[in-house]
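Structural features, examined
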Amino acid sequence: VTNEKRLDMMIGEVSEKSGLSIDTLRFYEKISLIDPPIRNDAGRRIYGPDVLGWIGFLEQLNATGMKQADRIRYAALRQQGETTVREWREMLEAHRAVIAAKLVEMKDAMALMDRKVAAYHEMEKQTKGR
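A quick note: this is a predicted structure, and the numbers were derived from the prediction, not measured.

Cut-offs used in this document
Residues numbered from 1 in each chain as written. Predicted model: local features only at pLDDT ≥ 70, side-chain atom pairs only at ≥ 80, totals over all residues. Heavy atoms only, no water. Salt bridge = Lys/Arg side-chain N within 4 Å of Asp/Glu carboxyl O. Helix = DSSP H or I, 4+ residues; strand = E, 2+ residues; numbered from the N terminus. Buried < 20%, exposed > 50% of the residue type's maximum accessible area, 1.4 Å probe, protein only. Patch = residues over 30% accessible without salt bridge, like charges linked within 9 Å, V, L, I, M, F, W, Y side chains within 5 Å. Areas by Shrake-Rupley, 256 points an atom, 1.4 Å probe, with all protein chains shown as cover. Axes fitted to C-alpha atoms, helices over the stretch in contact; angles between N-to-C directions. Parallel < 35°, antiparallel > 145°, perpendicular 65-115°, else oblique. Left-handed = near helix turned anticlockwise from the far one by under 90°. Contact = heavy atoms within 4.5 Å. Nonpolar A, V, L, I, M, F, W, Y, C, P; charged D, E, K, R; others polar. Pairing = 2+ DSSP bridges.

**Section: the pattern of salt bridges**
All chains considered together, the criterion is met by 7 salt bridges. The salt bridge partner of glutamate 29 is arginine 39, with a shortest N-O separation of 4.0 Å. Here the residue glutamate 29 occupies a position in helix α2 (residues 22-30), and arginine 39 occupies one in strand β2 (residues 38-39), the gap between them amounting to 10 residues. Given a relative accessible area of 15%, glutamate 29 falls into the buried group. Residues joined by salt bridges that share partners form a network here, namely Glu29, Arg39 and Arg45.

**Remarks on a nonpolar patch on the surface**
Where nonpolar side chains cluster on the molecular surface, the patch consists of Met110, Leu112 and Met113 and spans about 280 Å² of accessible area. Tracing the chain through its elements places leucine 112 in helix α5 (residues 85-128). For leucine 112, a relative accessible area of 34% translates into the label partly exposed.

**Quick word on the packing of helix α1 (residues 11-18) against helix α3 (residues 50-63)**
Between α1 and α3, the shortest axis-to-axis distance is 10 Å and the interhelical angle comes to 40°. It follows that α1 is oblique to α3 by the angle criterion. α1 and α3 meet at a crossing whose hand is right-handed. Listed contacts from α3 to Val14, Lys17 and Ser18 of α1 are Val51, Leu52 and Ile55. A class-by-class count of the residues in the contact of α1 with α3 yields 4 nonpolar, 1 polar and 1 charged.

**A look at the sheet that holds strand β3 (residues 45-47)**
Here we have 3 strands laid out as an open sheet, ordered β1-β3-β2, and antiparallel in their pairing. Each edge of the sheet is formed by a strand with only one pairing partner; in this case those strands are β1 (9-10) and β2. Pairing between β2 and β3: 2 bridges, direction antiparallel. Looking at β3, one finds that arginine 39 is bridged to arginine 45.

**A few points about the packing of α1 against α2**
For the pair α1 and α2, the least separation of the axes is 9 Å and the interaxial angle reads 105°. Looking at the two axes, α1 sits roughly perpendicular to α2. Across from Ile11, Gly12, Val14, Ser15 and Ser18 in α1, the residues of α2 making contact are Ile22, Leu25 and Arg26.

These values are about where atoms sit, not about what they do.
Structure, rendered in structure tokens:
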């Protein structure tokens, strides 16, 4: 017997720690975004500690606008192992370019909003002085 703490989690704990619903976790498993967890004697899902990092990464990809089909493709490549590392890199490089372009667009949009807000503040000052 070891003093090592168990790091396995049931689906409810993964849900709580990841912020994803249990239904979403089951769906992610069904579409192969997350690896099927092992099952205990009662048939309940038991997730390893690495699942939270993977889910966090998937959520970051989602937040940056990566399409679900591309996240599924990335996950499938990852499941094939490190022999597909070139494809992992290529996918992330392509997506990084998309993010960089969006950041430029967002920076320009923010500058426009800043100019508009400043102009409206100035207009308000002028109307109060009348």
